[in-house]
Amino acid sequence: SSNDSLGSSTTSSHLSTPALNQMPSLKICFLVEPSPFTYVSGYANRYQETLKFLKQADDKIQVVTTDANTHHTSLPKHFLGYPIQYTLGVPLPMYKHVTLSLDFQLNGLKVIRKMKPDVIHVSTPGFMVFPAIVYSRLFRIPLVM
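Please read these numbers as outputs of a predicted model, since none were measured by experiment.

Colleague: I would appreciate a short explanation of the side chain of Ser136 in the present structure.
Modeller: Positionally, Ser136 belongs in helix H3 (residues 129-139). One polar contact links the side chain of Ser136 to the main-chain carbonyl oxygen of Ile141, over a distance of 2.5 Å. The residues contacting Ser136, other than those within four sequence positions of it, are Ile120, Ile141, Pro142 and Leu143.

Okay, structure coming up:
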């Protein structure tokens, strides 16, 4: 049996992977730090792969992230057609290439208010989780961490 499709297994060759777009599309707001678009790591690769699958599922995505190390004119504005918004952040003292944020500019709030997402997804080793919790409770939107 072929192992080319997602979810296929050598032990369960009778299972097939459902089409990613068989369910209605979701609107998802991603709050993520550090930026997976300017920071190279396994985390960034995993995040970008997640967005590729969500694109195949025809989900509507908006990303809010932070990057204090890249000049604002060099920051990517889109990934796979998904818009990217940036909020101010602070580089970690010991890892200056990693920027963390509490979304003091309230860009996440603005995106959520306009987008009205079905789900908020936060991915962070730092502080972005706190505004994500506030936004989730304020707008009564499920939060995935």
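Colleague: Before we go on, may I ask you to explain the pattern of salt bridges in this structure?
Modeller: Charged atoms that come close allow side chains of opposite charge to pair. Scanning the entire structure with this criterion turns up two salt bridges. The shortest N-O distance in the salt bridge between Lys52 and Glu49 comes to 3.0 Å. With a gap of three residues between them, Lys52 and Glu49 both fall in helix H1 (residues 42-56), about one helical turn apart. Looking at Glu49, the relative accessible area reads 38%, which means it is partly exposed. A salt bridge links Lys60 to Asp58, with the nearest nitrogen and oxygen atoms 3.2 Å apart. Look at Asp58 and you get partly exposed, because its relative accessible area is 43%.

Colleague: Which parts of the structure should I look at to understand a nonpolar patch on the surface?
Modeller: Taken together, the side chains of Leu102, Phe104, Phe127 and Phe130 define a hydrophobic patch exposed on the protein surface, amounting to about 450 Å² of accessible area. Relative to the helices and strands, Phe130 is located in helix H3.

Colleague: I would appreciate a short explanation of the environment of Leu26 in the present structure.
Modeller: On the secondary structure map, Leu26 appears in the segment before strand S1 (27-32). When the C-alpha atoms of Leu26 and Asp59 are compared, they prove to be 4.9 Å apart, with 33 residues separating the residues in sequence. Those residues in contact with Leu26 that lie beyond four places of it in its chain are Asp59, Lys60 and Asp118.

Conventions adopted
- Residues numbered from 1 in each chain as written.
- Predicted model: local features only at pLDDT ≥ 70, side-chain atom pairs only at ≥ 80, totals over all residues.
- Heavy atoms only, no water.
- Helix = DSSP H or I, 4+ residues; strand = E, 2+ residues; numbered from the N terminus.
- Polar contact = N/O pair within 3.5 Å; in protein donor to acceptor, adjacent residues only side chain to side chain.
- Contact = heavy atoms within 4.5 Å.
- Salt bridge = Lys/Arg side-chain N within 4 Å of Asp/Glu carboxyl O.
- Buried < 20%, exposed > 50% of the residue type's maximum accessible area, 1.4 Å probe, protein only.
- Patch = residues over 30% accessible without salt bridge, like charges linked within 9 Å, V, L, I, M, F, W, Y side chains within 5 Å.
- Areas by Shrake-Rupley, 256 points an atom, 1.4 Å probe, with all protein chains shown as cover.

Just geometry here; none of it tells us what the structure is for.
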